[in-house]
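Residues per chain are reported as follows:
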Amino acid sequence: MSSLFKGSLPALVTPFKDGKVDEKAFRAHVDWVITEGSHGIVPVGTTGESPTLTHDEHKRVVEWAIEEARGRVPVMAGAGSNNTAEAIDFSRHAEKAGAQGLLHVTPYYNKPSQEGLYRHFKAIAESTSLPIFIYNIPPRSVVEMSVETMARLAEIPNIVGVKDATMKLDRVSAQRQACGKDFIQLSGEDGTALAHMAHGGHGCISVTANVAPRLCADFQNACLAGDYAKALEIQDKLFPLHQALFVEPNPAPSKAALALLGRMADEVRLPMVAASEATRETLKKALVHAGLMN
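This report concerns the structure included in the present document. (Residues numbered from 1 in each chain as written. Predicted model: local features only at pLDDT ≥ 70, side-chain atom pairs only at ≥ 80, totals over all residues. Heavy atoms only, no water.)

## What about the nonpolar core?
Right, on to step 1. Formed by 74 residues in total, the largest nonpolar core has its most connected members in I41, L153, I159 and L241.
Right, on to step 2. When residues of this core are assigned to their parent elements, the largest contribution, six residues, is made by helix α2 (residues 55-69).
Right, on to step 3. Contact partners of I159, with chain neighbours within four places excluded, come to F121, A125, I132, I134, L153, A154 and F183.
Right, on to step 4. Within the second largest apolar cluster, 15 residues are counted, among which are L9, A11, V42 and I205. (Core = buried A, V, L, I, M, F, W, Y, C linked by side-chain atoms within 4.5 Å. Buried < 20%, exposed > 50% of the residue type's maximum accessible area, 1.4 Å probe, protein only. Helix = DSSP H or I, 4+ residues; strand = E, 2+ residues; numbered from the N terminus. Contact = heavy atoms within 4.5 Å.)

Written out as structure tokens, the structure is:
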């Protein structure tokens, strides 16, 4: 089942309307990114504003994603928490709802040791039969999982891969050596996904794929086929957009870009704020450069 997760996997935004989760817009977004060729979807990660969703909202969004996917692509449900019991609860819910995989971030704020990280993920793995992907993102969680700890966890049968946002491109090669070639390595950074794939990666959990799902899918298809010349052509189209989507904290620019494309409102929840006019102008130029708007 874990081998299902490769290629372009949009880290889905969660649309809001008048302060509430917009189910209609979310379902339409899921259908669009799948129709455009995405290889899977990842609801309620950081891009989905999971920190400001209530637990009930979190679980409903996972359910809507699974329902709207209708088995067309696999769903990797965001289930991470810095509270192990809470992470287990989200995991069990996602499995019962019909998800095909789980994404678990390294616990943020409380800064566990490497042994604490190991026991956290081991406890989660023992609570579910679903394949688990570790999300290693030191800039957000402060703590970084070492290659050695990753290798220990890779010995657990249902811990099958990683979403890597360490900003260390040689990490892919190091983890191939430590965890084996079958350990699924997904990029967590759109701008460097080309290099990640060349090092032996398997795909990207992508912010940009919310806005340019077809181009991101084509890019990943080229990489997976070993056609890096074609992938570089697409990278040249997408790179200004990769950059523009992080001019301000994610996902405000993503929602602004989707609003420019007429796909949803750009409403976010505090402490996030909507993108500035300057960022919108930057996004417009990037969207034009990518051929997504005139």
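## Thoughts on the environment of V247
Right, on to step 1. Mapped onto the fold, V247 is located in the loop between α10 (228-244) and α11 (252-260).
Right, on to step 2. Of the residues examined, V247 reaches a relative accessible area of 48% and is grouped as partly exposed.
Right, on to step 3. Separated by 32 residues in the primary sequence, V247 and T279 have C-alpha atoms spaced 6.8 Å apart.
Right, on to step 4. Residue contacts for V247: discarding those within four places in its chain leaves T279 and T282.

## Side note on the sheet that holds strand β6 (residues 132-136)
Right, on to step 1. One open sheet holds the seven strands; their spatial order is β1-β9-β8-β7-β6-β5-β4, and the pairing between them is parallel. The open sheet has two free edges, formed respectively by β1 (7-10) and β4 (76-78), since each of these has just one partner strand. Each neighbouring strand pair of the sheet contributes to a mean axis angle of 30 degrees, computed without reference to strand direction.
Right, on to step 2. Where strand β8 (residues 184-187) and strand β9 (residues 203-206) come together, two bridges link them in parallel fashion. When the sheet's bridge partners are listed, L186 is paired in β9 with G203. (Pairing = 2+ DSSP bridges. Axes fitted to C-alpha atoms, helices over the stretch in contact; angles between N-to-C directions.)

## Things to note about α11
Right, on to step 1. The buried fraction of α11 is high, at seven of nine residues.
Right, on to step 2. Taken together, the buried positions of α11 are A252, P253, S254, K255, A256, A257 and L258.
Right, on to step 3. Buried positions along α11 lie against β2 (16-17), α1 (23-35), α10 and α12 (277-289).
Right, on to step 4. Two residues or fewer after α11 comes G262, characterised by a positive phi angle close to 75 degrees.

## Looking at the packing of aromatic side chains
Right, on to step 1. Inspection of the entire model under this criterion finds two aromatic pairs.
Right, on to step 2. Pairing F5 with F133 gives two aromatic rings, centres 5.5 Å apart and planes at 75 degrees, and the pair type is edge-to-face. Of this pair, F5 sits in the segment before β1 while F133 sits in strand β6; the two residues are 128 residues apart in sequence, bridging distant segments of the chain. There is no split in this pair, since F5 and F133 are both buried. (Phe/Tyr/Trp six-rings, centres within 6.5 Å; stacked < 30°, edge-to-face > 60°.)

## As for the packing of helix α6 (residues 147-154) against helix α7 (residues 170-179)
Right, on to step 1. Direction vectors running N to C along α6 and α7 enclose 40 degrees, while the axes themselves pass 9 Å from each other. By the criterion of interaxial angle, the relationship of α6 to α7 is oblique. In the packing of α6 onto α7, the handedness of the crossing is right-handed. For the pair α6 and α7, contact is made by V147, M150, A151 and A154 and by R171, A174, Q175, A178 and C179, respectively.
Right, on to step 2. A per-class count over the contact of α6 with α7 returns seven nonpolar, one polar and one charged. (Parallel < 35°, antiparallel > 145°, perpendicular 65-115°, else oblique. Left-handed = near helix turned anticlockwise from the far one by under 90°. Nonpolar A, V, L, I, M, F, W, Y, C, P; charged D, E, K, R; others polar.)

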